[in-house]
Amino acid sequence: MTAAQLPPVAPEVTAALVEDLSPRLRKRLDAAVTKLGSRPSHRDGDTVTIAVDEETELRLHAPGGVVASADAISCGCLLAPACVHRAAAACAAPTADPVPEPAGRPAPVAAGPASHVDDTAPAPDVASPAQRAAADAVWAAAAAVLDAGVDGAGAVAQAALLRAAHTARLQDLPRAAGAALSVVTLLRAARAGDPSYRTADLVTTLVELLGTARRVGTASGAELAAVKGRSRRPYSPDGSLRLYGLFTEPVVTDSGHGGVRTWVAGPDGRLCTVSDVAPGGVGRALGVADRAVRLGESALTHRELGRAGLAVSGATVSADGRLGAGKGVKAVTARGAAWTEPPLASLWETPPSAQAERALRSASRYADPDGGGSDLLFLDVELRGAVRESGGTCLLALCEGGVPVRLTVADDDPALAHRDNLMLLATAPGTRLRIIGRLVPALHPRLALLACSHPTGEGTIDLGLDRLRLADLPVPHAHVHAVPPGPGDSGGHSPLHLLERRVEQTVPAGRAAIGMLGDVSAETRRLRRAGLPTAAGLLAALCASAARRERDPFGRLLPADTDGFATHWLAAARYTSAVSESLCAAAWEQARTGQSHGRTHGPSSDPASPNARHICVP
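Calculation criteria
- Per chain, residue numbering runs from 1 following the sequence as it is written.
- Given that the model is predicted, a residue must reach a pLDDT of at least 70 before its local features are reported, and side-chain atom pairs must reach 80 or more before they are shown or counted; all residues, however, enter totals for whole chains, interfaces and linings.
- To get the side-chain values, all heavy atoms of the structure are used, and hydrogens and water are removed first.
- Under the DSSP-based scheme used, a helix requires at least four consecutive residues in state H or I and a strand at least two consecutive residues in state E, with every element numbered from the N terminus.
- Each residue gets one of three labels from its accessible area relative to the maximum for its type: buried under 20%, exposed over 50%, partly exposed in between, using a 1.4 Å probe on protein chains only.
- Methods summary: accessible areas were calculated by the Shrake-Rupley approach with a probe of 1.4 Å, and residue burial reflects only the protein chains presented.
- Salt bridges are counted wherever a side-chain nitrogen of Lys or Arg sits within 4 Å of a carboxyl oxygen of Asp or Glu.
- Strand pairing is assigned whenever DSSP identifies at least 2 bridges connecting the two strands.
- Starting at the helix axis, one direction is taken to each C-beta atom, and the arc is that of these directions.
- The contact definition used throughout considers only heavy atoms, calling two residues in contact when any of these lie within 4.5 Å.
- Note on geometry: axes are C-alpha line fits, over the in-contact stretch for helices, and angles between N-to-C directions span 0 to 180 degrees.
- Angular relationships are summarised with four words: roughly parallel below 35 degrees, roughly antiparallel beyond 145, roughly perpendicular across 65 to 115, and oblique for the angles in between.

## Remarks on the overall build of the chain
Helix and strand content of the chain: 17 helices and 17 strands. Out of the 618 residues belonging to the chain, those deemed buried represent 50%. Summing over all exposed atoms, the chain offers an accessible surface of approximately 27,000 Å²; the carbon and sulfur share of this is 53%.

Put into structure tokens, the structure is as follows:
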């Protein structure tokens, strides 16, 4: 039995079942979840039955696809309903989204913080006492998870976070509730050894959760409205639109969703998307590409729309550019435009550094979800060949002004065409292409390659869906040669990683592991020499907070200060993200101007300084 075979369970149901367990059974809960995962199960309509043993069955009843009450989980063992099996089943199942998208609107592209959209009522001046209490509960539950680390954040800690998420939702704090559910999902993936899990994703979501919970008590007015978030994605009327297809990309999420996202542009260059994403994984992503777009009367498939056009009336568009598919929307097929023709050609006319700056604002870990914009770059490049890196192989290309850009695979799933296409393009150095890629924040210009003009100059290639052949290349096939990076290709190496790795190490290992590091004065000295005194101070404070344990008058250790440690960790995580983004922007700008990375001394090199604009590194 896998989690995907179980119906999703409402977070408040899981929390209630765990809270009702005796202290003795709570200690056995994680082992029960693991054991239950190895037992056979079968589905009959809305009911999933699990064979706990040869004589006992556990049933989850999910009318409408969701287990919405504790009574819907029943067990036939002698201890039921006070047994551990019911709580274990709830903990093993996926967490239900408490605020599903309305019918007729695109499904969410990925699991993550809740959509921060919708209400039109005036923003309140301050949070209510109940909202502040709910935010405090979210903070406490998240701080406990951070203190324990992934290894220690089992079903009981997850249930506390689910309870806090439910309370936050009831108090109109959907942003915190959504982030809390995302943390639980990522914790479960990490503990199950899911190969798609990345520590960086959990770091980002924990920062979002802690930061949102902390700001509820201090924000007011419009800032408070943004911190609270909105539970539904609004699609504002946008009249009539003339849209031109750009490309289609497959979407496969860590939560098991699959589908496609087709990008289109208006006459003014504004980007919009038409998505079809639902449970189904990579298989669904490949199948949906050739299904008709759910928009008005158009009979175009997603692949076809990526190369054609649409005339839309009664259009509705969300803040992040998603086109709504409501009943009042009418759309008919229209002529598209080549990438070299107006209006699409204008997308490639903006200098790469300016595009990178705009994309970085959108790609920021903690960007405003309603801020609009996209993280796409549109470049004309000349391919140079493959470059070996510590994490694999990428494709080196030169864009405007000879700026070296590393092109990477957008998704490494072997069922998708990304990896094969990139490796084939690497065998054709000298080829000139017009490309679309997604910014990858790094200390050197870097993109995840999504689409390109056909190497022969006829048409375009959706690199995740279409497969290039040797015959498509304009030059004879040759053996792949690694291209040594040029003087400006390697990117800078910042000692910021000394702080970043401690931030990331905390998530899997917990506070205790950071507290055992001992003397970090050598690392802090290195950061100060690089002009990053704030980073040095944050590292010292983080490690000191992790190691600090007070004693009572009898010499007994008191509970650790999880609140103080979470505060120091949050500050360090937000700081490293801000510096990394500054370094990424500087890399594109320096590549454009031909400047090399150098060391800048003094306070202006630290992004904590209000005078700092670019961060120079050794």
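Still more ground to cover, so stick around.
## What to know about the pattern of salt bridges
Under the counting rule described, the total for this entry stands at 30 salt bridges. Notably, a salt bridge pairs Arg 432 with Glu 382, separated by 3.1 Å at the nearest N-O pair. Remark: Glu 382 occurs in strand E12 (residues 376–389) and Arg 432 occurs in strand E15 (residues 432–439); sequence separation between them is 50 residues. For Glu 382, a relative accessible area of 23% corresponds to the partly exposed category. Close ionic contact of Arg 406 with Glu 389 constitutes a salt bridge, the shortest N to O distance being 2.7 Å. Of this pair, Arg 406 sits in strand E14 (residues 403–409) while Glu 389 is found in strand E12, placing the two residues 17 residues apart along the sequence. The class for Arg 406 is buried, based on a relative accessible area of 8%. Residues joined by salt bridges that share partners form a network here, namely Asp 290, Arg 303, Arg 307, Asp 462 and Asp 466.

## Re the pairing of E14
With respect to burial, E14 is a largely interior element, 7 of its 7 residues being buried. As defined by bridge partners, strand E13 (residues 392–399) adjoins E14 across 5 bridges and the pair is classed as antiparallel. Paired with Leu 395 across the strands is Leu 407, a residue of E14. Linking E13 back to E14 in an antiparallel pair, the connection comprises 3 residues, with Gly 401 at a positive phi of about 75 degrees. Relative to strand E16 (residues 446–453), E14 runs parallel, the two sharing 4 bridges.

## Describing the pairing of strand E1 (residues 41–44)
Of the pairings in the sheet, the one linking E1 to strand E2 (residues 47–51) comprises 4 bridges and is antiparallel in character. Among the inter-strand pairings, Ser 41 is bridged to a residue of E2, identified as Ile 50. Between E1 and E2, which pair antiparallel in sequence order, lie 2 residues; one of them, Gly 45, sits at a positive phi of approximately 65 degrees.

## As for helix H12 (residues 418–425)
Taken as a whole, H12 has its buried residues at His 418, Asn 421, Leu 422, Leu 424 and Leu 425. The buried side chains of H12 occupy one side of the element, clustering within an arc of 165 degrees when seen end-on. Where the residues of H12 are buried, they touch strand E6 (241–252), E12, E13, E14, E15 and E16.

## Details of unusual backbone geometry
Here Ala 80 and Pro 81 are connected by a cis peptide whose omega angle stands at 5 degrees. Here Pro 81 lies in the loop between strand E4 (73–75) and helix H3 (84–92). In this structure, Pro 343 follows Pro 342 across a cis peptide bond, with omega equal to 0 degrees. Relative to the elements of secondary structure, Pro 343 occurs in the loop between strand E11 (330–334) and helix H11 (352–363). A positive phi angle, close to 60 degrees, is found at Asp 172, a residue other than glycine. In this structure, Asp 172 sits in the loop between helix H5 (155–170) and helix H6 (174–191).

## Digging into the sheet that holds E4
Strand order in this open sheet of 4 strands is E1-E2-E3-E4, and the pairing throughout is antiparallel. Since the sheet does not close on itself, it has two edges, and those belong to E1 and E4, each with one partner. The mean inter-strand angle of the sheet, taken between neighbouring strand axes irrespective of direction, is 20 degrees. Taken together, the 5 bridges between E2 and strand E3 (residues 57–61) define a ladder with antiparallel strand orientation. Paired with Val 48 across the bridge in E3 is Leu 60. Together, E3 and E4 form the strand contacts of H3, whose direction differs from that of E4 by roughly 140 degrees.

## What about the packing of helix H7 (residues 199–216) against helix H13 (residues 497–509)?
It is the contact of H7 with H13, at a shortest axis distance of 9 Å, that shows an interaxial angle of 95 degrees. Comparing their axes, H13 and H7 come out roughly perpendicular. Contact residues: Thr 199, Ala 200, Leu 202, Val 203 and Leu 206 in H7; Val 503, Glu 504, Val 507 and Pro 508 in H13.

Distances and angles like these do not, on their own, reveal function.
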